[in-house]
Amino acid sequence: IFFPGLTATEKKLAEYKCNTNEAIQLKLVRFPEDLEDENTTFNPEYSHQVFGDDEVAFGYKGLKILLYYIAGNLSTLFRIEYTSRVNEKFDCVEADDVESKIREIIPPGFCTNTDDFVSLLEKEVNFKPFGMLLHTYSIHNEEAGEDITYQIYKADMTCPGFREYHERLQTFLMWFIETASFIDVDDERWNYFLVFEKYNKDGATLFATVGYMTVYNYYVYPDKTRPRVSQMLILPPFQGEGHGAQLLETVHRYYMSSPTVLDITAEDPSENYVKLRDFVLVKLCQDLVCFSPVKLMQGFSQEMVTEAQQKLKINKQHTRRVYEILRLRATNMGDAEQSRSYRLDVKRRLIGPYKKKQRELAKMRRCLRPEEMTNQLNQIDLNLQREQLEESFQQLVSDYRRVLERLAQA
């Protein structure tokens, strides 16, 4: 792009801008050789919470922000490297203080040189997961040609060393969850669920951090709680392997055994989380008596709501989605009558918000003079509404089919 009137100085300054998502290099280190291996490096998806909406750091060429973590206890190495930097003499501009921005989110006590970090790595053999073991599972790894074992633990702030570990762990939220925020760990209503991988090093068994979930226990009058999933993150090197589903199912099973838990919800869930939850809840529900094909064809019932809540701690809204997914599986969409019946059933739910809007419009109409509200407006409304409804329906069905495909492979 040619900017008329762009001075030589301005052009020169433009060369000192770095994209922070590329500059930040993250690593989970198990062996000293991982430090030099580019394949173990991964980058943030987001850095706007630290570096502003542009996700740019000014004042450097070839900027690298190294944030390396020991795979288990997450002891941190933090270093900044660059090939050149603007100086004060250079047209009175200052480079961004990258270091203090990073220091704001990573806890103190990190290493700044590789030798210290490597000597900490040698002590990693002493690191053990926190809390109580809830679930062990294994996944076949093509690359390694063997099954790898994973474990899920429930921890809390009374576990020695967990508070400091959690401070290091939560820094990843900033890079991978768009609207992340740190939680108040002094509030005892938080539960923490952690996923670890077991791996071997020189004949010893070590543990690497895979991901975690935080759940807040809300009080429900008079004597129940409603756990709400707040944050969930599987670290990038482990994504797409099925750990999210294992974690969510384990958390559900943990709360299912508690008589005081009403049901489980989630705070502002992302699209990916909803897909994951659909899969896990359908997997849990498919064998309940109330979801037998015969009952599915009779429509959504109070029996489904009650059984899903009492046995599996699933709330009404999520039970309705489970019903729609399982009914799709039981429906022959090639059969005109079955397909029509399914479509009407789902659209009846989808039209709820539109009906609410219609009622609001009707109220407005009473306040306006008839000539201000032409009949045409109603017509446009209805046609648009039909189109939007059909679009929502098609989107849902394609999401539901994906859940069913995954279920068939599970």
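The structure this text deals with has already been given above.
First things first, this report covers the structure right here in the doc. (Residues numbered from 1 in each chain as written. Predicted model: local features only at pLDDT ≥ 70, side-chain atom pairs only at ≥ 80, totals over all residues. Heavy atoms only, no water.)

Thoughts on the overall build of the chain
Then step 1. Per the secondary structure count, the chain includes 15 helices and 14 strands.
Then step 2. Counting only C-alpha atoms and orienting by the principal axes, one finds that the chain spans roughly 70 × 65 × 45 Å.
Then step 3. Residues classed as buried in the chain amount to 45% of the 410 residues present.
Then step 4. For the chain, the proportion of contacts with a sequence separation of at least 24, taken over those separated by at least 6, is 67%.
Then step 5. Accessible surface for the chain amounts to roughly 22,500 Å². Of this, 48% is attributable to carbon and sulfur atoms.
Then step 6. Distance between charge centres in the chain, computed from 52 positive and 62 negative side chains, equals 9 Å. (Helix = DSSP H or I, 4+ residues; strand = E, 2+ residues; numbered from the N terminus. Buried < 20%, exposed > 50% of the residue type's maximum accessible area, 1.4 Å probe, protein only. Contact = heavy atoms within 4.5 Å. Areas by Shrake-Rupley, 256 points an atom, 1.4 Å probe, with all protein chains shown as cover. Lys, Arg positive; Asp, Glu negative; His and termini not counted. Charge placed at Lys NZ, Arg CZ, Asp CG, Glu CD.)

Quick notes on the pattern of salt bridges
Then step 1. Under the criterion given, the structure shown has 21 salt bridges.
Then step 2. Residue Glu 15 pairs with Lys 61 through a salt bridge whose shortest N-O separation is 3.3 Å. Of this pair, Glu 15 sits in the loop between α1 (8-14) and β1 (17-19) while Lys 61 sits in strand β5 (residues 60-61); the two residues are 46 residues apart in sequence, bridging distant segments of the chain.
Then step 3. Beyond isolated ion pairs, a larger network of salt bridges with shared partners links Arg 320, Glu 324, Arg 327, Asp 345, Arg 348 and Arg 349. (Salt bridge = Lys/Arg side-chain N within 4 Å of Asp/Glu carboxyl O.)

Observations concerning the sheet that holds strand β6 (residues 64-70)
Then step 1. As summarised here, the arrangement of the four strands in space is β3-β2-β6-β7, forming an open sheet in which the pairing is mixed. Only two strands of the sheet have a single partner each, and these edge strands are β3 (41-42) and β7 (76-81).
Then step 2. Strand direction decides the pairing type here: β6 and β7, joined by six bridges, are antiparallel. Within the sheet, the bridge partner assigned to Leu 67 lies in β7 and is Phe 78.
Then step 3. Packing of helix α5 (residues 114-122) onto the sheet brings it into contact with β2 (24-29), β6 and β7, and relative to β6 it is tilted by some 20°. (Pairing = 2+ DSSP bridges. Axes fitted to C-alpha atoms, helices over the stretch in contact; angles between N-to-C directions.)

Overview of the side chain of Thr 214
Then step 1. Mapped onto the fold, Thr 214 is located in strand β12 (residues 204-220).
Then step 2. A polar contact of 2.9 Å, which involves the side chain of Thr 214, links it to the side chain of Gln 231.
Then step 3. In this structure Thr 214 touches Ile 183, Trp 190, Asn 191, Tyr 192, Arg 228, Val 229, Ser 230 and Gln 231, once residues within four positions along its chain are discounted. (Polar contact = N/O pair within 3.5 Å; in protein donor to acceptor, adjacent residues only side chain to side chain.)

Description of the environment of Gly 242
Then step 1. Assignment of secondary structure puts Gly 242 in the loop between β13 (224-234) and α8 (243-256).
Then step 2. According to the relative accessible area criterion, Gly 242 is partly exposed, its value standing at 25%.
Then step 3. It is 8.5 Å that separates the C-alpha atoms of Gly 242 and Ile 139, two residues lying 103 residues apart in sequence.

Without other data, these values stay purely geometric and don't point to any function.
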